[in-house]
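The chain contents come next:
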Amino acid sequence: MKNLQAARVFENIAALMEISGESPFKVNAYRNAANTFASLTDDLEQLAARGELRSIPGVGEAIEKKTLEILETGTCGLYERLKQQFPLTILELLDLPGVGARTVRALYEGLGVDSLEALENAARAGRVQQLPRMGAKAEQRILESIERLRARPSGIPIARALPLAVALATRMQGSPGVLQAVAAGGVRRFGELVPCVTVAVVAEDPQEALQAFLREAGGTVLEAGEERAAVRLSGGEEAECFAGRPENAGAVLIRATGSQAHLRRLEALAAERGYSFEGVTLLNPRGESLSCPDEESFYFALGMSPVPPELREDRGEVEAALKGDLPALIQSSDLKGDLHAHTVFSDGSGTLEQMAEAARRLGYEYLAITDHSQALTVARGLTPERLNEQGQLIDAFNASGTDIRLLKGVEVDIRPDGSLDLPDESLAALDWVVASIHSHFALSRQEMTERAVRALSSPFVHVQAHPTGRLIGSRDPHALDVDALIEAAARAGKALEINSYPERLDLSAENARKAADAGVKIVVSTDSHHPAHLPKVSYGIGTARRAGLTAGDVLNTLPLDALLEWSRSRR
DNA sequence: GCCGTTTTCGGCCCGACTGTTTTCAGTCG
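Residues numbered from 1 in each chain as written. Chains lettered and ligands numbered in written order. Predicted model: local features only at pLDDT ≥ 70, side-chain atom pairs only at ≥ 80, totals over all residues. Heavy atoms only, no water.

> I tried to follow the overall build of chain A on my own but got confused; where do I start?
Summing up its helical and strand segments, chain A has 23 helices and 16 strands in all. Its C-alpha atoms give chain A a radius of gyration of 25 Å, near enough to 25 Å, the size a compact globule of 571 residues would have. Dimensions of chain A, computed from C-alpha atoms along their principal axes, come out at roughly 75 × 60 × 50 Å. Put simply, 67% of the contacts in chain A that link residues at least 6 apart link residues at least 24 apart. When the accessible surface of chain A is split by element, carbon and sulfur atoms take 49% of a total near 24,100 Å². A distance of 3 Å separates the average location of the 61 positive side-chain charges in chain A from that of its 79 negative side-chain charges. (Helix = DSSP H or I, 4+ residues; strand = E, 2+ residues; numbered from the N terminus. Rg over C-alpha atoms; globule rule 2.2 N^0.38 Å. Contact = heavy atoms within 4.5 Å. Areas by Shrake-Rupley, 256 points an atom, 1.4 Å probe, with all protein chains shown as cover. Lys, Arg positive; Asp, Glu negative; His and termini not counted. Charge placed at Lys NZ, Arg CZ, Asp CG, Glu CD.)

> Help me understand the nonpolar core, please; the structure alone is not making it clear to me.
What tends to happen in soluble globular proteins is that the nonpolar side chains get buried as a cluster. Among the nonpolar cores identified, the biggest contains 89 residues, and Ile13, Phe37, Leu119, Val201 and Phe213 are the most heavily contacted of them. Here Leu119 is in contact with Leu93, Leu96, Leu107, Val113, Val128, Ile142 and Ile146, once residues within four sequence places are set aside. Among the nonpolar cores identified, the runner-up in size contains 57 residues, and Leu382, Leu427, Ile437 and Ala512 belong to it. (Core = buried A, V, L, I, M, F, W, Y, C linked by side-chain atoms within 4.5 Å. Buried < 20%, exposed > 50% of the residue type's maximum accessible area, 1.4 Å probe, protein only.)

> Mind showing me how you'd approach the pattern of salt bridges here?
One side chain can pair with another of opposite charge once the charged atoms of both are near each other. Within the structure shown, the criterion is met by 39 salt bridges. Among the salt bridges present, the one from Glu319 reaches Arg265, with a minimum N-O distance of 2.9 Å. Pair noted here: Glu319 is in helix 15 (residues 317–323) and Arg265 is in helix 13 (residues 260–272), with a separation of 54 residues, a long-range link. According to the relative accessible area criterion, Glu319 is partly exposed, its value standing at 34%. Arg360 serves as the salt-bridge partner of Glu357, at 3.0 Å between the closest nitrogen and oxygen. With Glu357 and Arg360 both in helix 16 (residues 352–361) and three residues apart, the pair spans about one turn of that helix. Residues joined by salt bridges that share partners form a network here, namely Lys2, Asp43, Glu45, Arg171 and Glu216. (Salt bridge = Lys/Arg side-chain N within 4 Å of Asp/Glu carboxyl O.)

> Even after reading the chapter, I still don't get helix 11 (residues 206–217), so can you show me in this structure?
Count 3.6 residues to each turn of an α-helix, and residues three or four apart come out pointing the same way. Between the first and last C-alpha of helix 11 there are 16 Å, a value that for twelve residues agrees with the 16 Å anticipated at 1.5 Å per step. The complete set of buried residues in helix 11 reads Pro206, Ala209, Leu210, Ala212, Phe213, Leu214, Glu216 and Ala217. On its buried face, helix 11 is in contact with helix 9 (158–173), strand 2 (178–184), strand 4 (197–203), strand 5 (220–224), strand 6 (228–232) and strand 7 (238–244). A distance of 3.2 Å separates the backbone nitrogen of Gln207 from a side-chain oxygen at the start of helix 11, and that oxygen is part of Asp205. Gly218 lies just past helix 11 and shows a positive phi near 70 degrees. (Expected span 1.5 Å × (residues − 1). Polar contact = N/O pair within 3.5 Å; in protein donor to acceptor, adjacent residues only side chain to side chain.)

> I tried to follow the state of the cysteines on my own but got confused; where do I start?
In protein structure, a disulfide is the covalent linkage between the sulfur atoms of two cysteines. For the structure on display, the rule yields zero disulfides. Cysteine Cys196 remains unbridged, with the sulfur of Cys241 as its closest cysteine sulfur at 11 Å. (Disulfide = S-S within 2.5 Å.)

> Even after reading the chapter, I still don't get the protein's contact with DNA strand B, so can you show me in this structure?
The immediate surroundings of DNA strand B are formed by 31 residues, with Gly58, Gly98, Gly100, Thr103 and Val378 found nearest. Here the atoms of DNA strand B within 4 Å of the protein split so that 71% fall in sugar or phosphate, with bases taking the remainder. Arg102 places a polar side-chain atom, nitrogen or oxygen, 2.9 Å from a phosphate oxygen of DNA strand B. Arg133 places a polar side-chain atom, nitrogen or oxygen, 3.1 Å from a base nitrogen of DNA strand B. Going through the elements one at a time, helix 2 (24–38), helix 4 (61–73), helix 6 (101–111) and helix 8 (136–151) are the ones with two or more residues in the surface near DNA strand B. Here the element with the most residues in the surface near DNA strand B is helix 2; it accounts for four residues. (Near = heavy atom within 4 Å.)

> What should I look at first to understand the environment of Val410 in this one?
Looking at the secondary structure, you find Val410 in strand 12 (residues 405–413). As a C-alpha pair, Val410 and Asp431 span 21 residues in sequence and 9.1 Å in three-dimensional space. In this view, Val410 contacts Ile369, Thr370, Asp371, Ser373, Leu387, Leu422, Leu427, Leu430, Trp432, Val433 and Val434; residues no more than four positions away in its chain are not counted.

> I tried to follow the sheet that holds strand 2 on my own but got confused; where do I start?
Sheet strands pair via backbone hydrogen bonds, and the direction of the pair is either parallel or antiparallel. Reading across from one edge, 2-4-7-6-5 is the order of the five strands in this open sheet, with mixed pairing throughout. Where the open sheet ends on each side, the last strands, each with one partner, are strand 2 and strand 5. With strand direction ignored, the average angle separating the axes of adjacent strands in the sheet is 20 degrees. Where strand 4 and strand 7 come together, six bridges link them in parallel fashion. Residue pairing across strands places Thr198 opposite Glu240, the latter belonging to strand 7. The strands touched by helix 9 are strand 2, strand 4 and strand 7; relative to strand 2, the strand with the most contacts, the crossing angle is about 175 degrees. The sheet strands contacting helix 12 (residues 249–257) are strand 2, strand 4 and strand 7, and the helix crosses strand 4 at an angle near 175 degrees. (Pairing = 2+ DSSP bridges. Axes fitted to C-alpha atoms, helices over the stretch in contact; angles between N-to-C directions.)

> So what exactly am I meant to see when it comes to unusual backbone geometry here?
Excluding glycine, residues mostly have negative phi values, and the peptide bonds linking residues are mostly trans. Between Gly258 and Ser259 the backbone carries a cis peptide bond, its omega angle lying at -5 degrees. Tracing the backbone shows Ser259 in the loop between helix 12 and helix 13. The omega torsion of the bond from Asp506 to Leu507 falls at 10 degrees, within 30 degrees of zero and hence cis. Within the element layout of this structure, Leu507 appears in the loop between strand 15 (495–499) and helix 21 (509–517). Residue Arg380 is not a glycine yet carries a positive backbone phi of 55 degrees.

> Honestly, the packing of aromatic side chains in this entry has me stumped. Any pointers?
Geometrically, a pair of aromatic rings is defined through the distance of the ring centres and the angle of the planes. The final tally for this structure, using the stated rule, is seven aromatic pairs. With a centroid separation of 5.8 Å and an interplanar angle of 65 degrees, the aromatic rings of Phe10 and Phe37 are classed as edge-to-face. Highlighted residues: Phe10 in helix 1 (residues 3–20) and Phe37 in helix 2, separated in sequence by 27 residues. A relative accessible area of 0% places Phe10 in the buried class. On the numbers, 6.1 Å between centres and 40 degrees between planes, the contact of Trp432 with Trp566 is tilted. (Phe/Tyr/Trp six-rings, centres within 6.5 Å; stacked < 30°, edge-to-face > 60°.)

Written out as structure tokens, the structure reads:
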């Protein structure tokens, strides 16, 4: 599995080229390839073997050649040359907000700064402010950013770990003797950052399956036991595989899925019954293996209801399962539509018709078209005139006898003072108004909270999108009193979004739970910018399930008429 | 470097904001 390795090499090439002052378009080509590879669920090596690398969008002659080189040798000539020019540790500096490629180059050339540590020392010594266009303020900001960066939780973001786990499982599924292979571990529980990429395998010969895992995964072997194998992948991530026989399939899956805290509770419950849950086997008091061909039979054997993976954190789910009152978690099939999607009118790449067709294929009744508003110039945001023009096209589409309804909507920008970027009369003409923050992230906590709360108080807004602005593993949530926002949403009867973008998952499961407890309706939307993004709602659903949400908590489980009724009743 | 075609070159998201200057480079979305 070398997808992430190739992605990392191209990511680093792009960054080093940018620092060296290469053409931004060239840089972008490498960065684009890196992002594509990182979220690819097909295996690059298999694509390469079939000669299909060029079929990946953004892969041309040069990147194909380098990809083959990386798959073969782990690196490529260009990368090695760039690494001679700059030490790799210099890339740490780019993680600092406010520090871009030019600044990194100035720091390197002017002060010899080539790592976070070196920058910290230089800033403390007051040397950074001596550089041109740098001042005391910038120096202070750098020191603060370094501190925040160090405090950031570690782990593999689910946006990377999940595709990788699925790809590994798919490869294992094709191995001889493997009956079942699934992505397990933290990604199956929909953790945001996972320590490790985990696969669970059921096979007649678990030993053979683990050997197959070691071959398929590649990298450095960390463990090659009887029930578990682990490797350090060539991209630096850890991957593990649990394997067991079909009669133990339930125990294998449960062990591989975790969490550690949940497993500790199950082991204790097993002990209370005279059983023992060791490794991937459940043993009776005589030390004989108890058959549990699926997870349900394992949980039943312990006298409890089966616990959905997303809840396995020992946060009350064990007690609930023992009493048999676990919530009936929402499923993808409960959704009747998506309420956040972009088209070619702003920064999306699908037409109204293409987006509608993608939604129809998911079995939806409706899709809200919510392109950006005018303030977001980079995204070619809509003026009132263009919004109106789009509305007429949507009307025409809906009148054309299609079985999916497009809702007229917008993703209106929330200005720094909390006012909205479109006049009331524009918003009043719409079925669905999403409000969100895309600029001025550096406001104080109080200013940001007032801003967000004020936006929700507009009678035309239905939902606030990606409320905290975080990007998992790369951007902290902006300073915001989420509790105050939830309270305001509850008061105003407005909804909050779980944005399904794998890098966002915003609201987080924790905040979504709080919102639901406060009586706030949740919208699980994709923020799709391409027809192929709509199925990524599975990430939002995973987050909603982790929050313990049921279909009743989520607004877009309502059929069209009821949703429109809700929308109208807000005004 | 990729892509698409008005098909082998020219275009590729571009304007606001910030901190530093004193006219603007760099970052960000």
